[in-house]
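# Structural overview for review
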Amino acid sequence: MNNKEIEKVLREIGIYLEMKDIPFKPRAFERVADTINELNEEVNNIYKNGGIKAVKKIPGVGESIAGIIEELIKKGKSKDYQRLQKEIPVKLSEFEFIEGVGPKTIKTLYKKLKIKNLKELERATKSGKIRKLPGFGVKSELNILKSIDFLKKSGGRFIRAYILNQIKEIELGLNKLRETNKVIIAGSTRRKKETIGDVDILVTSKNPKKVMDYFVNISGVLKIIAHGDTKSSIKLKNGLNVDLRVVPEKSYGAALNYFTGSKNHNIELRKLAMDKGLKLNEYGLFKDKKQIAGRNEKEIYEKLGLNYVEPELREMRGELDLVKNNKLPKLIKVEDLKGDLHIHTDWSDGSLSIEEMANEGIKMGLEYMIISDHSKGLTVANGLNEKRFQKQWKEIDKFNKKIKSKGIKFKLLKGIECDILKDGSMDLSDKILSKFDIVGGSIHSLFNLSKIEQTKRIMKAMDNPHVDIINHLTGRLINRRDAYNIDIDKIISHAKKTKTILEINSFPDRLDLKDDYIKKCVEGGVKIAINSDAHATSHMHYLEFGVDQARRGWVEKNNIINTWPLKKMLKMLK
DNA sequence: GCCGTTTTCGGCCCGACTGTTTTCAGTCG
């Protein structure tokens, strides 16, 4: 069983216990499910290497849950889980995205109407049976129906980079209001997560009602979910939920901290406050009834005896242990990038010429760019053979000469995105690969090899003395395609051994490596490049999202080779 | 069910909003 499956069972056990009104236990299961969701390592491996003792070291896992996990790994099932399923045979996962329907409601629906899945819920809603239940009414029935309708149309999370402009527009509108003072996007958007479930906006204002009235009436609203004095929530036509909170100025920092999350980071902060005899909520840090901090985030951390923690780090991945010793990383910024090592042109599947792409790089203030078109194996992308590459080099030389004569400090380099073939050999010969300034290797075929084969394939490519970088290592497409099956730890340690650089591909639906893997690279001393993989000039600005991803992986400037000046960067290659 | 450099027992983060009630349970973040 993999982590996702184990997580699901534990989370559902928690929901079942909640249905049965059992106190505290649901939280215990939920907590472990959250932890496993964010775990870097497969629980399966932890168990294989260290047995049940190692499993118990996972925070929140004790005697009982460790037993359940062992059972899941050994037998693929859990007696406790099965017993609960038998008692209330409901497809919990189908109800997950129905707004306003939680454990207690699911239980009532089952007990009174024998509703076990979404289909039966929809039928009952349409026949007006729900409104007759105690505690329900016409409105709750309608809400459930709307929620089901919506789920059919969309579902899932949004890629942050693709909806950022829409969010910024809402932010701008709020900023223009006379009644608002501070306006800031909090939540997972501020933590720069690759995908976001909803948007949290925070506003300070002396006239919250006006702000709320404006907000629920902005254009593009499909439905008003809540409309209160200090909190409102809307659903936009594309399905995105946006929450707005208004707080007084003196609570701005506390509220920002609270609504930035993550939830687990906040919970730990509150516990820290409690240890000091204080209370932390979204209105401030309090000693008895007196507010001692909360105007800004920094003073809250300070009063808790901590340095400021950047939003990207607030995921309970060890940041609160490190911050106590002043050992948090100094995160990379987008201005630190001096070059882009992965650019396509109309020589293969890009849409613009070498010169057009290069000019955009100059405009962005980059000092160098690698032209890295596809190799011949990728025929769908008009990949280049040796002859065409040699022709392309002449054009690159010509451009560099022209630039130099104009006195512009910028250089184009000769690169390639070379296909890694099934057996790990490269699409072009070593002889020609040796002539490029920089060689990137990519997998564009045979995504479904076994874990052993795929891992071997990539490791062999790394062994090639000319392959400097592995591009988009795991091949995932967010919301569309899973990563290939690889042994990430083995590959990262092989990258270190062979001095191969790993790419953070900045394309919003790739963002490959993902943050956990980036953190592993940093910890393992593997060098990284942040590249745009641009096929048009607009894509070149995606570098920003690659940097965001890097920051979530605890990356400092020094970990990234394209923060170095050209000469030094080239020295870091094989 | 989990956890502990005060604790192996007695605590467990906290508040807003809705829809149903007529003081509150359920949900959400």
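Residues numbered from 1 in each chain as written. Chains lettered and ligands numbered in written order. Predicted model: local features only at pLDDT ≥ 70, side-chain atom pairs only at ≥ 80, totals over all residues. Heavy atoms only, no water.

Helices and strands together make up the secondary structure of chain A, namely 25 helices and 17 strands. By principal-axis analysis of the C-alpha atoms, chain A measures approximately 80 × 60 × 55 Å. Put simply, chain A has 574 residues, and 53% of those count as buried. Of the contacts formed within chain A by residues at least 6 apart in sequence, a portion of 67% connects residues at least 24 apart. (Helix = DSSP H or I, 4+ residues; strand = E, 2+ residues; numbered from the N terminus. Buried < 20%, exposed > 50% of the residue type's maximum accessible area, 1.4 Å probe, protein only. Contact = heavy atoms within 4.5 Å.)

What follows deals with the side chain of Lys223. Within the element layout of this structure, Lys223 appears in strand β5 (residues 221–227). Lys223 has contacts with Glu99, Asn143, Lys146, Ile234 and Lys235, leaving out every residue within four places of it along the chain.

What follows covers the nonpolar core. Ranked by size, the top nonpolar core spans 59 residues in total, and within it Leu412, Leu473, Leu502 and Ile530 carry the most contacts. When residues of this core are assigned to their parent elements, the largest contribution, five residues, is made by helix α18 (residues 386–405). If you look at the next biggest cluster of nonpolar residues, it comprises 44 residues, including Ala33, Ile69, Leu84 and Ile106. (Core = buried A, V, L, I, M, F, W, Y, C linked by side-chain atoms within 4.5 Å.)

Next up on the list: the protein's contact with DNA strand B. Contacts to DNA strand B come from 44 residues, most closely from Gly62, Thr105, Gly137, Tyr258 and Arg270. Considering the 4 Å shell around the protein, atoms of DNA strand B inside it are sugar or phosphate in 77% of instances. One of the side-chain nitrogen or oxygen atoms of Asn281 is found 3.3 Å away from a phosphate oxygen of DNA strand B. When its residues are assigned to classes, the surface near DNA strand B shows 14 nonpolar, 14 polar and 16 charged. (Near = heavy atom within 4 Å. Polar contact = N/O pair within 3.5 Å; in protein donor to acceptor, adjacent residues only side chain to side chain. Nonpolar A, V, L, I, M, F, W, Y, C, P; charged D, E, K, R; others polar.)

Next up on the list: the sheet that holds β5. Across the sheet, which stays open at both edges, the five strands sit in the order β2-β4-β7-β6-β5 with mixed pairing between neighbours. Each of the sheet's edge strands pairs with one partner strand only, and the pair in question is β2 (180–185) and β5. The mean angle between the axes of side-by-side strands here comes to 20 degrees, regardless of whether they run parallel or antiparallel. Inspection of the sheet shows β5 paired to strand β6 (residues 231–236) by five bridges, in the antiparallel sense. Within β6, the position partnered with Lys223 by the bridge is Lys235. Packed onto the sheet, helix α10 (residues 160–176) meets β2, β4 (198–205), β6 and β7 (241–247) and runs at close to 170 degrees relative to β2. Its contacts with the sheet place helix α13 (residues 252–260) against β2, β4 and β7, and it is angled at close to 175 degrees to β4. (Pairing = 2+ DSSP bridges. Axes fitted to C-alpha atoms, helices over the stretch in contact; angles between N-to-C directions.)

Once that is clear, we can look at the packing of aromatic side chains. The final tally for this structure, using the stated rule, is seven aromatic pairs. For the ring pair Tyr258 and Phe259, a centre distance of 4.8 Å and an interplane angle of 90 degrees mean the geometry is edge-to-face. Each ring, one from Phe389 and one from Phe436, has its centre 5.0 Å from the other, and the planes form 85 degrees; the classification is edge-to-face. Separated by 47 residues along the polypeptide, Phe389 in helix α18 and Phe436 in the loop between α19 (430–433) and β14 (438–442) bring together distant segments of the chain. (Phe/Tyr/Trp six-rings, centres within 6.5 Å; stacked < 30°, edge-to-face > 60°.)

In a packed pair of helices, the relevant descriptors are the angle between the two axes and the axis-to-axis distance. Running from amino to carboxyl end, helix α2 (residues 25–37) crosses helix α4 (residues 63–75) at an angle of 55 degrees, the nearest separation of the two axes being 11 Å. One way to sum up the angle between α2 and α4 is to call them oblique. Judged by the sense of rotation from one axis to the other, the crossing of α2 with α4 is right-handed. The residues of α4 that touch α2, namely those facing Ala28, Phe29, Val32 and Ile36, are Ile65, Ile68 and Ile69. Class assignment for the residues of the contact of α2 with α4 results in seven nonpolar, no polar and no charged. (Parallel < 35°, antiparallel > 145°, perpendicular 65-115°, else oblique. Left-handed = near helix turned anticlockwise from the far one by under 90°.)

When cut into domains, chain A gives domain 1 (3–153), domain 2 (158–246), domain 3 (268–324) and domain 4 (334–571). Taking the mean C-alpha position of each, domain 1 and domain 3 sit 31 Å from one another. (Domains from an automatic or database assignment.)

Before going further, it helps to spend a moment on the pairing of strand β11 (residues 339–343). Among the five residues of β11, five are classified as buried, and the element is accordingly described as predominantly covered. The sheet contact formed by β11 and strand β12 (residues 368–374) spans three bridges and is parallel. By the bridge assignment for β12, Ile343 is matched with Ile371. The handedness of the β11 to β12 crossover, carried by helix α17 (residues 354–363), is right-handed. (Right-handed = clockwise from strand over helix to strand, strands pointing away.)

Turning next to the pattern of salt bridges. What the rule picks out here adds up to 37 salt bridges. For Asp515, the salt bridge identified is with Arg317, shortest N-O distance 3.5 Å. Placement of the pair is Asp515 in helix α22 (residues 515–524) and Arg317 in the loop between α15 (297–303) and α16 (319–324), with a sequence separation of 198 residues. Taken individually, Asp515 and Arg317 each receive the classification buried, so the pair is uniform in this respect. A single network of salt bridges, built from pairs that share partners, joins Arg160, Lys192, Glu310, Glu312, Asp548 and Arg551. (Salt bridge = Lys/Arg side-chain N within 4 Å of Asp/Glu carboxyl O.)

Bringing the confidence of the model for chain A into the picture now. For chain A, per-residue confidence averages 92 on the pLDDT scale, and 99% of positions sit at 70 or higher. Taking the mean pLDDT of every element in chain A, the minimum, 81, falls on helix α9 (residues 138–153) and the maximum, 98, on strand β17 (residues 528–531). (pLDDT = per-residue confidence, 0-100.)

The next subject is the environment of Met274. Turning to its location among the elements, Met274 is positioned in helix α14 (residues 263–275). Separated by 28 residues in the primary sequence, Met274 and Val246 place their C-alpha atoms 26 Å from one another.

In spatial order, the strands read β11-β12-β13-β14-β15-β16-β17; together these seven strands make up an open sheet with parallel pairing. Edge strands, defined here as strands with exactly one partner in the open sheet, are β11 and β17. Bridge count between β14 and strand β15 (residues 469–470): two bridges; the pairing is parallel. Each bridged residue has a counterpart across the sheet, and for Gly440 the counterpart in β15 is Ile469. Its contacts with the sheet place α18 against β12 and β13 (411–419), and it is angled at close to 160 degrees to β13.

This part covers the packing of helix α3 (residues 43–55) against α4. One can describe the packing of α3 onto α4 by two numbers: an axis separation of 11 Å at closest approach and a directional angle of 140 degrees. Overall, the two elements α3 and α4 adopt an arrangement that is oblique. When the axes of α3 and α4 are compared, the crossing they make is left-handed. Here α3 contributes Val43, Asn44, Tyr47, Ile52 and Val55 to the contact with α4, which in turn contributes Ala66, Gly67, Ile69, Glu70, Ile73 and Lys74. In terms of residue class, the contact of α3 with α4 is built from seven nonpolar, two polar and two charged.

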